[in-house]
Amino acid sequence: RVVASGAVTSGRARNVGMAAASGDAYAFLDCDAAVSSNWLERAAVHFARDLRIFAVGGRIANGRPSRYGELDYYLDHSEWIRGEAGPRETFPTMAVVYRFDVVAGLRFEETSYGEDTTFARAALRGHGMLWFDPAIVITHYPDRLDFSSFWKKRAISTGL
């Protein structure tokens, strides 16, 4: 976690990590997610298979099934729960790999709500494909398991 002007944001932390990183790809993994052991290997295979693919993400599984855990899961991740392999419009940074050469000049908005979608869409403009691979499993362990925490997330992310 990175503290910037007293506030901790996901976007700020990712930007600091990107500034310090080296190599051919940025691999983002949130602290409330776990990935299958094939994650990075599958991303490398897709990058080598088709140069138009600049990012790879996988199928999201719910690690905390409960009333509000399920609501959070379906409302926020329905596009990545199931489906055939193929291009997507965006992908959460919960667990995604971006090719360095495509996104090296981009930075995340320094917030914790929607910054991953904005980043993915900016990268997508004219750069090829963000690839969904359902063979990669990302298990998400959300902390919004009661009404209060669930509603707070909904209110902040939707501007209520």
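What you see is a predicted model, and the numbers here were worked out from it, not measured in a lab.

Student: Got a sec to walk through the overall build of the chain? Specific residues and values, please.
Tutor: Within the chain, the secondary structure is distributed over 6 helices and 8 strands. In the chain, the order of α-helices and β-strands from amino to carboxyl end is β-β-α-β-β-α-β-α-β-β-α-α-β-α. Looking at the chain residue by residue over its 160 residues, the buried ones come to 42%. For the chain, long-range pairs separated by at least 24 residues make up 75% of all intrachain contacts whose partners lie at least 6 apart in sequence.

Student: Could you give an account of the nonpolar core, with specific residues and numbers?
Tutor: With 32 residues, the main nonpolar core has Phe54, Tyr98 and Ile138 as its most contacted residues. Every element with two or more residues in this core is listed here: β3 (25-29), α2 (39-49), β5 (53-62), β7 (95-99), α4 (100-103), α5 (115-124) and β8 (129-140). Considering every element that reaches this core, the biggest residue donor is β8, with 6 residues.

Student: Would you mind going over the pattern of salt bridges in detail, with residue names and values included?
Tutor: A pair can form between side chains of opposite charge whenever their charged atoms are brought close. Evaluated as defined, the whole model comprises 6 salt bridges. Between Arg42 and Asp133 there is a salt bridge; the shortest N-O distance is 2.7 Å. Of this pair, Arg42 sits in helix α2 while Asp133 sits in strand β8, and the two are 91 residues apart along the sequence. We classify Arg42 as partly exposed; its relative accessible area is 31%. Its salt-bridge partner being Arg99, residue Asp101 comes within 2.8 Å of it at the nearest N-O pair.

Student: Give a description of the pairing of β7 that names residues and reports values.
Tutor: Counting buried residues in β7 gives 5 out of 5 residues, a clear majority hidden from the surface. Of the two faces of β7, the one holding Ala95, Val97 and Arg99 and the one holding Val96 and Tyr98 are both buried throughout. Here β3 pairs with β7 via 5 bridges, running antiparallel. Residue pairing across strands places Ala25 opposite Arg99, the latter belonging to β7. Alignment of β5 against β7, held across 3 bridges, turns out to be antiparallel. Within β7, the residue paired with Gly57 across the bridge is Val96.

Student: Could you give an account of the packing of aromatic side chains, naming the residues involved and the relevant values?
Tutor: Tallied over the entire structure, the rule returns 7 aromatic pairs. Among the aromatic residues, those joined into a ring-pair cluster are Tyr26, Phe28, Phe54, Tyr98, Phe100, Phe108 and Phe119. The ring of Phe108 has Arg14 lying over it, and the distance from NZ or CZ to the ring centre is 5.5 Å. One residue, Arg49, lies across the ring of Trp131, its end atom 4.9 Å from the ring centre.

Student: Requested: an account of the confidence of the model for the chain, with residues and values cited.
Tutor: On average, residues of the chain score 83 in pLDDT, and 80% of them are at 70 or above. For the chain, the element scoring lowest by mean pLDDT is strand β1 (residues 3-4), at 44; α2 scores highest, at 97.

Student: Account for the environment of Gly114, with residues named and values stated.
Tutor: Within the secondary structure layout, Gly114 lies in the loop between α4 and α5. On a C-alpha basis, the gap between Gly114 and Pro92 in space is 8.6 Å, while along the polypeptide they are 22 residues apart.

Thresholds applied
Residues numbered from 1 in each chain as written. Predicted model: local features only at pLDDT ≥ 70, side-chain atom pairs only at ≥ 80, totals over all residues. Heavy atoms only, no water. Helix = DSSP H or I, 4+ residues; strand = E, 2+ residues; numbered from the N terminus. Buried < 20%, exposed > 50% of the residue type's maximum accessible area, 1.4 Å probe, protein only. Contact = heavy atoms within 4.5 Å. Core = buried A, V, L, I, M, F, W, Y, C linked by side-chain atoms within 4.5 Å. Salt bridge = Lys/Arg side-chain N within 4 Å of Asp/Glu carboxyl O. Pairing = 2+ DSSP bridges. Phe/Tyr/Trp six-rings, centres within 6.5 Å; stacked < 30°, edge-to-face > 60°. Lys NZ or Arg CZ within 6 Å of the ring centre and 35° of its normal. pLDDT = per-residue confidence, 0-100.

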